[in-house]
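Residue-level listing of the chains:
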Amino acid sequence: MASATASSVSFTSLSSSLRQNQVSHLKKVSVSFGGKSFKPVPLRFRVACAAKPETVEKVCEIVRKQLALPADSAITGESKFASLGADSLDTVEIVMGLEEEFEISVEEESAQSITTVQEAADMIEKLNEKK
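Residues numbered from 1 in each chain as written. Predicted model: local features only at pLDDT ≥ 70, side-chain atom pairs only at ≥ 80, totals over all residues. Heavy atoms only, no water.

To keep things clear, this is the line we draw: UniProt positions are given in the numbering used here, feature names are shortened, and annotations may be inferred rather than shown by experiment.
For the protein chain, the name recorded in an unreviewed UniProt entry is Acyl carrier protein, with Abeliophyllum distichum as its organism. Recorded in UniProt for the protein chain, the comment headed Sequence similarities (unreviewed entry) runs: "Belongs to the acyl carrier protein (ACP) family."

Next up, the structure:
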């Protein structure tokens, strides 16, 4: 159930009915106000843990190196690998570089879901917590 006041929206009981990893796979959300339902719309927000800035910066450096981008190229946490010119093989090489640098092991399923620098940094933080 969602409720809106002015431009804010709050969700109730969402987290108690979904397991943690289900939330990241939501693609659309349906909303109703005052009994009127609206068509499902693409989800335009996401909840993500914030990786340490130094982790994000290190991932940016690795992506820059793997894609042979100039040192002054603008790469941020929101940068998508595809928009930086990476194909699927480049993405595999980026993940391999991350595994080597951070001494982690990324499962193939997780590696295929990483599309941005921030997602990579968040995954690294999560894997380091498990160590």
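### Some remarks on the environment of Gln-66
Going by this rule: Under the DSSP-based scheme used, a helix requires at least four consecutive residues in state H or I and a strand at least two consecutive residues in state E, with every element numbered from the N terminus. The contact definition used throughout considers only heavy atoms, calling two residues in contact when any of these lie within 4.5 Å.
Here Gln-66 lies in helix α3 (residues 53-66). Residues Gln-66 and Ile-94, 28 residues apart in the sequence, show an inter-C-alpha distance of 6.1 Å. If we ignore the near neighbours within four places in the chain, the residues touching Gln-66 are Glu-93, Ile-94 and Gly-97.

### A look at helix α4 (residues 88-102)
Three or four residues apart is the spacing at which side chains of an α-helix point the same way, because the helix has 3.6 residues per turn. Keep this limit in mind: Helix span, as expected, comes to 1.5 Å for every residue beyond the first. Note on exposure labels: buried denotes an accessible area under 20% of the residue type's maximum, exposed denotes more than 50%, and partly exposed covers the range between, all computed with a 1.4 Å probe on protein chains only. Relevant arc is that of directions from the helix axis to the C-beta atoms, nothing else. Identification of polar contacts relies on pairs of N or O atoms within 3.5 Å, with a donor-acceptor requirement for protein atoms, meaning one able to donate a hydrogen and the other able to accept it, and with residues adjacent in sequence counted only if both atoms are side-chain atoms.
For α4, built from 15 residues, the straight-helix expectation of 21 Å at 1.5 Å per residue is met to within 8% by its first-to-last C-alpha distance of 21 Å. Looking only at α4, the buried set comprises Asp-90, Thr-91, Ile-94, Val-95, Gly-97, Leu-98 and Phe-102. All buried residues of α4 project into a common sector of 160° when viewed along the axis, lining one side. Opposite the buried face of α4, at more than 90 degrees from it, the exposed residues are Ser-88, Leu-89 and Glu-100. Packed against the buried residues of α4 are α3, α5 (108-113) and α6 (117-130). One side-chain oxygen of the residue at the start of α4 lies 3.1 Å from the amide nitrogen of Leu-89, identifying that residue as Asp-87. The first or second residue beyond α4 is Glu-103, which carries a positive phi of 55°.

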